[in-house]
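# Survey of secondary and tertiary structure
What follows is the residue order along each chain.
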Amino acid sequence: MCTMNVRVDEDKCIGCGTCQEICPAVFYLNEVTGKSEIVDPDGCDYAGCCEAAEENCPVEAIMLEE
Ligand code: SF4
């Protein structure tokens with residue numbers, strides 16, 4: 001099975017919430033830290049929305065690796 005590795009660079013993340021809107025199965029915007037967190041790394045494979053989140057992150061804080 002092909003598994004995608006997804007990470008958020010917290011130094012870059014500005015907490016805009018776009019990734020959570022696009023891909024709530026994987027990303028959660030922590031309102032205390034103001035940073036996006038990965039709640040389910042395997043979600044990229046079944047939800048298929050990590051690429052869209054990566055493309056739409058305004059500061060390119062999302063990193064996807066196959
Ligand atoms: S889209 Fe990018 S900047 Fe916005 S919350 Fe997600 S990781 Fe952070």
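Residues numbered from 1 in each chain as written. Predicted model: local features only at pLDDT ≥ 70, side-chain atom pairs only at ≥ 80, totals over all residues.

## Details of the site of the ligand
Selection criterion: Using a C-beta atom placed from the backbone, a residue is described as near a molecule or strand when that atom lies within 6 Å of it. Only Asp, Glu, Lys and Arg are considered charged in this grouping, and only Ala, Val, Leu, Ile, Met, Phe, Trp, Tyr, Cys and Pro are considered nonpolar; every other residue, Gly among them, is considered polar.
Neighbouring the ligand are 15 residues; C13, C16, T18, C19 and C57 lie closest to it. Of the residues in the shell around the ligand, the class split is 11 nonpolar, four polar and no charged.

## Things to note about the environment of N56
Note the threshold: A run of H or I in DSSP counts as a helix once it spans at least four residues, and a run of E counts as a strand once it spans at least two, with each numbered from the N terminus. Any residue with 12 or fewer other C-beta atoms within 10 Å of its own C-beta is exposed, any with 20 or more is buried, and the rest are partly exposed; the C-beta atoms used are placed from the backbone. Two residues qualify as a contact pair if the distance between their C-beta atoms, derived from the backbone, is within 7 Å.
Take N56: it is sitting in helix 3 (residues 50-56). Overall, N56 belongs to the partly exposed group, with 14 C-beta atoms counted inside 10 Å. As a C-alpha pair, N56 and T18 span 38 residues in sequence and 7.2 Å in three-dimensional space. Beyond its immediate chain neighbours, meaning those up to four positions away, N56 contacts T18 and I22.

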